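Residue-level structural notes
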Amino acid sequence: MGAGLSANPELTGPPRAAGQARAGLGAAEAAGAELVGMVPTDWRSYDPLDLHPILTGALAAFHEHGYHGTTVRDIARRAGVTVPALYYHYENKQGILVALLEITIAEVHGRACAAVAEADDGPVPRLTRLIEAVVLFMSNRFDLAYLDTELRYLEPPNRRRYAALRKRLESLLLDIVEDGAARGQMAVASPRDTARALLGMCQAVAGWYKPSGELTPAQIAARYVDIALRTVGAAGSVGSVGSVGSVGSVGR
């Protein structure tokens, strides 16, 4: 399936096993277990989403009506299954949301790690690739990424688990900014606050991006790389990336 997500039921829509009856986490853990930390073949390439029909139906419903406004019956109808069949795969609506969130954070983290791994040595090239990877994800997978706004509906155990998974992406960015500051290649007063601000800036793309807009995901990524480099005082440090609005060396 290239760089897309597999529709293998063992990954995206497994039956609930006996003993996995905790609120929401049983199916979600099974759904995301092998996805967490996955590294796509090509972190810039995006195939259409290929999820289990239940997750596909839920994603469309959540995007249209929000988590709170979506019913299990609506998800089942969209997926073409009965409500009992849906409950065979997922304990409840919360479990479906958690599964989608874990798939989301697993994919963006995997792509970010792959991007950083291929960058030239040094914190500035690594920051460039990480920002590019995250913004490409937020635009190409905006429907998945936008689910981050539904975190308020997660029960405390699910929220803590998701926060721990999301923390890995923040830590990856923080390590780069701290390294850049230590080497004198980035001028930041607080690496932690800077990393949080940069990540928040990138995540916000999912809230406004439209495929019909005037900019492609690659062009948006190039602009955000420029903003990020200027934020850390490293503008002009990476080839032709410094030209706002042009793809430059980003995306090559």
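Below or above, wherever it landed, is the structure these notes cover. Bear in mind the structure is a predicted one, so any value in this text is a computation, not a measurement. (Residues numbered from 1 in each chain as written. Predicted model: local features only at pLDDT ≥ 70, side-chain atom pairs only at ≥ 80, totals over all residues. Heavy atoms only, no water.)

**Section: the overall build of the protein chain**
- Summing up its helical and strand segments, the protein chain has 12 helices and zero strands in all.
- In the protein chain, the succession of α and β elements from N to C terminus is α-α-α-α-α-α-α-α-α-α-α-α.
- Looking at the 252 residues of the protein chain, the share that counts as buried comes to 51%.
- In the protein chain, once contacts between residues fewer than 6 apart in sequence are set aside, the share between residues at least 24 apart is 73%.
- About 10,800 Å² of surface is accessible on the protein chain, with carbon and sulfur atoms providing 53% of the total. (Helix = DSSP H or I, 4+ residues; strand = E, 2+ residues; numbered from the N terminus. Buried < 20%, exposed > 50% of the residue type's maximum accessible area, 1.4 Å probe, protein only. Contact = heavy atoms within 4.5 Å. Areas by Shrake-Rupley, 256 points an atom, 1.4 Å probe, with all protein chains shown as cover.)

**Quick notes on the environment of T41**
- Relative to the elements of secondary structure, T41 occurs in the loop between helix 2 (25-32) and helix 3 (53-65).
- Once the C-alpha coordinates of T41 and A114 are considered, the two residues, 73 residues apart in sequence, prove to be 8.6 Å apart.

**Considerations on the nonpolar core**
- Ranked by internal contacts, the top residues of the largest apolar core, which has 70 residues, are F62, I96, L100, L127, L130 and I131.
- Broken down by element, the residue count for this core peaks at 13 residues, all from helix 6 (residues 93-118).
- Once residues within four sequence positions are removed from consideration, I96 is found in contact with I54, L55, A58, F62, I75, L86 and Y90. (Core = buried A, V, L, I, M, F, W, Y, C linked by side-chain atoms within 4.5 Å.)

**A short note on the pattern of salt bridges**
- All chains considered together, the criterion is met by 16 salt bridges.
- Salt-bridge contacts for E102 lead to R161; the nearest nitrogen and oxygen are separated by 2.4 Å. Of this pair, E102 sits in helix 6 while R161 sits in helix 9 (residues 156-182), and the two are 59 residues apart along the sequence.
- Classification of E102 by relative accessible area gives buried; the value is 1%.
- Using a relative accessible area of 27% as the deciding quantity, one classes R161 as partly exposed.
- A salt bridge links D226 to R230, with the shortest nitrogen-to-oxygen separation between them at 2.7 Å. Placement of both D226 and R230 in helix 12 (residues 217-231) is noted, with a separation of four residues, approximately one turn of the helix.
- The exposure class of D226 is buried, given its relative accessible area of 3%. (Salt bridge = Lys/Arg side-chain N within 4 Å of Asp/Glu carboxyl O.)

**Considering helix 9**
- Taking 1.5 Å per residue, 27 residues should reach 39 Å; helix 9 reaches 37 Å between its end C-alpha atoms and fits that length.
- If you check which residues of helix 9 are buried, you get N158, Y162, L165, L169, E170, L172, L173, L174, I176, V177, D179 and G180.
- Phi turns positive, to about 75°, at G184, one or two residues after helix 9. (Expected span 1.5 Å × (residues − 1).)

**Re the packing of helix 7 (residues 123-140) against helix 12**
- Running from N to C, helix 7 and helix 12 cross one another at 140°; their axes reach a closest spacing of 8 Å. One finds that helix 7 runs oblique with respect to helix 12. Judged by the sense of rotation from one axis to the other, the crossing of helix 7 with helix 12 is right-handed. Where helix 7 approaches helix 12, its residues V124, L127, T128, I131, E132, V135, L136, S139 and N140 are matched on the opposing element by P217, A218, I220, A221, Y224, V225, A228 and L229.
- Split into classes, the residues belonging to the contact of helix 7 with helix 12 amount to 13 nonpolar, three polar and one charged. (Axes fitted to C-alpha atoms, helices over the stretch in contact; angles between N-to-C directions. Parallel < 35°, antiparallel > 145°, perpendicular 65-115°, else oblique. Left-handed = near helix turned anticlockwise from the far one by under 90°. Nonpolar A, V, L, I, M, F, W, Y, C, P; charged D, E, K, R; others polar.)

**Let's talk about helix 4 (residues 72-79)**
- Of the positions making up helix 4, those classed as buried are V72, D74, I75, A76 and A79.
- Looking at the buried positions of helix 4, the neighbouring elements they touch are helix 3, helix 5 (83-89) and helix 6.
- Once helix 4 finishes, G80 follows within two positions and takes phi at roughly 75°, a positive value.

**Points about the packing of helix 7 against helix 9**
- Look at helix 7 against helix 9: their axes get within 9 Å of each other, and the N-to-C directions meet at 155°. In terms of axis orientation, helix 7 runs roughly antiparallel to helix 9. Of the two elements, helix 7 crosses helix 9, and the hand of that crossing is left-handed. The residues of helix 9 that touch helix 7, namely those facing P123, R126, L127, L130 and V134, are L169, L172, L173, I176, D179 and G180.
- Here the contact of helix 7 with helix 9 is composed, by residue class, of eight nonpolar, one polar and two charged.

**Examining the packing of aromatic side chains**
- Applying the stated criterion across every chain yields a total of three aromatic pairs.
- By way of ring pairs, the aromatic residues F62, Y67 and Y153 are connected into one cluster.
- Directly above the aromatic system of Y67 lies the positively charged group of K93, at a separation of 4.3 Å from the ring centroid.
- Residue placement shows R111 over the ring face of Y46; its charged tip is 3.6 Å from the ring centre. (Phe/Tyr/Trp six-rings, centres within 6.5 Å; stacked < 30°, edge-to-face > 60°. Lys NZ or Arg CZ within 6 Å of the ring centre and 35° of its normal.)

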